[in-house]
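Spelled out from the first residue to the last, the chains are:
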Amino acid sequence: MPGINRTDAILKGGLTMKIHDYAMEREEAAKEYYEILSECAKSTGIRKIFAALAEEEQKHFELLRNAAKIEGMQKKTDLFENAEKLLVASVKNKDEFLCNSETLKAYEKAVEMEHESIRIYENAFAETDDPAEKNTFRFLADQEIRHKSLMENIIDFVTKPDRTVEHAEFARFETED
C-alpha cells in the first residue's frame, strides 16, 4: 500500500521541508490511501464515499499547487450530504458492511491521518502572517475536520450490529462551518 508507507515516512521520518511542500505530500498520500480503501470496500456506498474523499484530497493538492489561483477552488462540496444518502441507499440495497479488524484499523488510520493534517494546517495558519496563506490553511483545516468527522461516522456505522436506514443517518455529519 504505497499511500500508507509514504505517509508513515513523512510523519515519522523527521523530514525538513516547507509546510507547503509537506502539505502537498500529505494530500497526495491521503488521496492514494482513500483510493485503496475505495478499492477494498465491499459496500457500494462506502466505496463511493472513499472515492469522493480521494477526489477531495486531489482538489486540496491542486489548491496547494496552484495557490495563486485559489479563489474558485475554496468552495464547499456536497460530500457530506451525499455520504448519508449513499449509506442509506446501501442499507436499502442490503450491501455488505463487513468490517474485520484489518478494515477497522485501516479506517482508524484514515482518522489519524486527518487528525495530523488538521494539526499541521492549524499550526501553519497560526505561524503565517500572509492573509492568502491563512485563508488557504484555514480552508484546508476545516476540510480535514469534516473528513475526520465523516470517517468517525463510518467507523461508528460499520461497527454497529443493527444497520437500519435510521442508523445510516448521522447527526455528526453536521459540522460547524
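Caption draft 1: Highlighting the environment of Ser 149. Relative to the assigned elements, Ser 149 resides in helix H6 (residues 131–158). With 35 residues separating them in the primary sequence, Ser 149 and Glu 114 have C-alpha atoms 9.2 Å apart.

Caption draft 2: Looking closely at helix H3 (residues 44–65). Look at H3: 31 Å from first C-alpha to last across 22 residues, which is about the 32 Å you get at 1.5 Å a residue. The N-capping residue of H3, defined by a side-chain oxygen 3.3 Å from the backbone nitrogen of Gly 45, is Ser 43.

Caption draft 3: Broad picture of the packing of helix H2 (residues 19–40) against H3. Where H2 meets H3, the closest approach of the two axes is 8 Å, and the angle between their N-to-C directions is 165 degrees. Between H2 and H3, the angle falls in the class roughly antiparallel. Considering only the axes of H2 and H3, their crossing is left-handed. Of the residues in H3, those touching H2 at His 20, Ala 23, Met 24, Glu 27, Glu 28, Ala 30, Lys 31, Tyr 34, Glu 35, Leu 37 and Ser 38 are Arg 47, Phe 50, Ala 51, Leu 53, Ala 54, Glu 57, Gln 58, His 60, Phe 61, Leu 64 and Arg 65. For the contact of H2 with H3, the class distribution of residues is 11 nonpolar, four polar and seven charged.

Caption draft 4: Structural context of the packing of H3 against H6. Taken N-terminus to C-terminus, the directions of H3 and H6 make an angle of 165 degrees; their axes are 12 Å apart at the nearest point. Between H3 and H6, the interaxial angle falls into the category roughly antiparallel. The way H3 lies across H6 gives a crossing that is left-handed. In this structure, H3 contributes Ile 46, Ile 49, Phe 50, Leu 53, Glu 56, Glu 57, His 60, Leu 63 and Leu 64 to the contact, and H6 contributes Thr 136, Phe 139, Leu 140, Gln 143, Glu 144, His 147, Leu 150, Met 151, Ile 154 and Val 158. A class-by-class count of the residues in the contact of H3 with H6 yields 12 nonpolar, four polar and three charged.

Caption draft 5: Quick look at the pattern of salt bridges. Per the counting criterion, the structure on display carries six salt bridges. Across the pair Glu 116 and Arg 119 runs a salt bridge, and its minimum N-O distance is 2.4 Å. Pair noted here: Glu 116 and Arg 119 are both in helix H5 (residues 101–127), with a separation of three residues, about one helical turn. For Glu 152, the salt bridge identified is with Lys 148, shortest N-O distance 3.7 Å. One end of the pair, Glu 152, and the other, Lys 148, are both in helix H6, four residues apart, so they sit about a helical turn from each other. By sharing partners, the salt bridges in this structure join Glu 122, Arg 138 and Asp 142 into a single network.

What counts as what
Residues numbered from 1 in each chain as written. Predicted model: local features only at pLDDT ≥ 70, side-chain atom pairs only at ≥ 80, totals over all residues. Heavy atoms only, no water. Helix = DSSP H or I, 4+ residues; strand = E, 2+ residues; numbered from the N terminus. Expected span 1.5 Å × (residues − 1). Polar contact = N/O pair within 3.5 Å; in protein donor to acceptor, adjacent residues only side chain to side chain. Axes fitted to C-alpha atoms, helices over the stretch in contact; angles between N-to-C directions. Parallel < 35°, antiparallel > 145°, perpendicular 65-115°, else oblique. Left-handed = near helix turned anticlockwise from the far one by under 90°. Contact = heavy atoms within 4.5 Å. Nonpolar A, V, L, I, M, F, W, Y, C, P; charged D, E, K, R; others polar. Salt bridge = Lys/Arg side-chain N within 4 Å of Asp/Glu carboxyl O.

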